Amino acid sequence: QVRLVESGGGLVQAGGSLRLSCAASGRSFSNYFMGWFRQAPGKEREFVAAINWSSGTTYCADSVKGRFTISRDNAKNTVYLQKNSLKPEDTAVYYCAARESYKRPYGDWGQGTQVTVSS
């Protein structure tokens, strides 16, 4: 059974940085796509970034491009989201998700971690 556990959220001032972690377990993720999503209060969940675990190819939403970086550590089975130059509008619950290929929907989700950016 796939298990995704996020950590690293918290309160940070605008302009600051945070690194979120997603520890993945339960199977081999070598052919998976791992993604980060976020949901702000009163808004729909939105895509933030994704990474092809085997190739390392990354994808980022335009709203975070140049500020957020997704990466993975194969030895630790962990995916990271480095967030720099944070803005108050980055405040949201951030979720880690996994899917078997780009043709399939994200089927496994973590419980989320709260990120609050103060102005």
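Preceding block: the structure.
So, how was this worked out
- Residues numbered from 1 in each chain as written.
- Predicted model: local features only at pLDDT ≥ 70, side-chain atom pairs only at ≥ 80, totals over all residues.
- Heavy atoms only, no water.
- Disulfide = S-S within 2.5 Å.
- Buried < 20%, exposed > 50% of the residue type's maximum accessible area, 1.4 Å probe, protein only.
- Pairing = 2+ DSSP bridges.
- Helix = DSSP H or I, 4+ residues; strand = E, 2+ residues; numbered from the N terminus.
- Axes fitted to C-alpha atoms, helices over the stretch in contact; angles between N-to-C directions.
- Polar contact = N/O pair within 3.5 Å; in protein donor to acceptor, adjacent residues only side chain to side chain.
- Contact = heavy atoms within 4.5 Å.

**Student:** Describe the state of the cysteines, and please don't skip the residues or the numbers.
**Tutor:** Throughout the structure, instances matching the rule amount to one disulfide. Cysteine 96 supplies the cysteine sulfur nearest to cysteine 60, a cysteine that is in no disulfide, at a spacing of 14 Å. With a relative accessible area of 21%, cysteine 60 lands in the partly exposed category.

**Student:** Describe the sheet that holds strand 8 (residues 78-83), listing the residues and the values that go with them.
**Tutor:** The sheet built from four strands is open, its strands ordered 1-3-8-7 with antiparallel pairing. Whereas interior strands pair on both sides, the edge strands pair on one side only; in this sheet they are strand 1 (3-7) and strand 7 (68-73). With strand direction ignored, the average angle separating the axes of adjacent strands in the sheet is 15 degrees. Bridge count between strand 3 (residues 18-25) and strand 8: six bridges; the pairing is antiparallel.

**Student:** Describe in detail the side chain of asparagine 52, supporting the description with residues and values.
**Tutor:** As for its position among the elements, asparagine 52 is in strand 5 (residues 46-52). Since its relative accessible area comes to 14%, asparagine 52 is described here as buried. Separated by 3.2 Å, the side chain of asparagine 52 and the backbone nitrogen of serine 55 make a polar contact. Those residues in contact with asparagine 52 that lie beyond four places of it in its chain are Tyr32, Phe33, Thr57 and Arg72.

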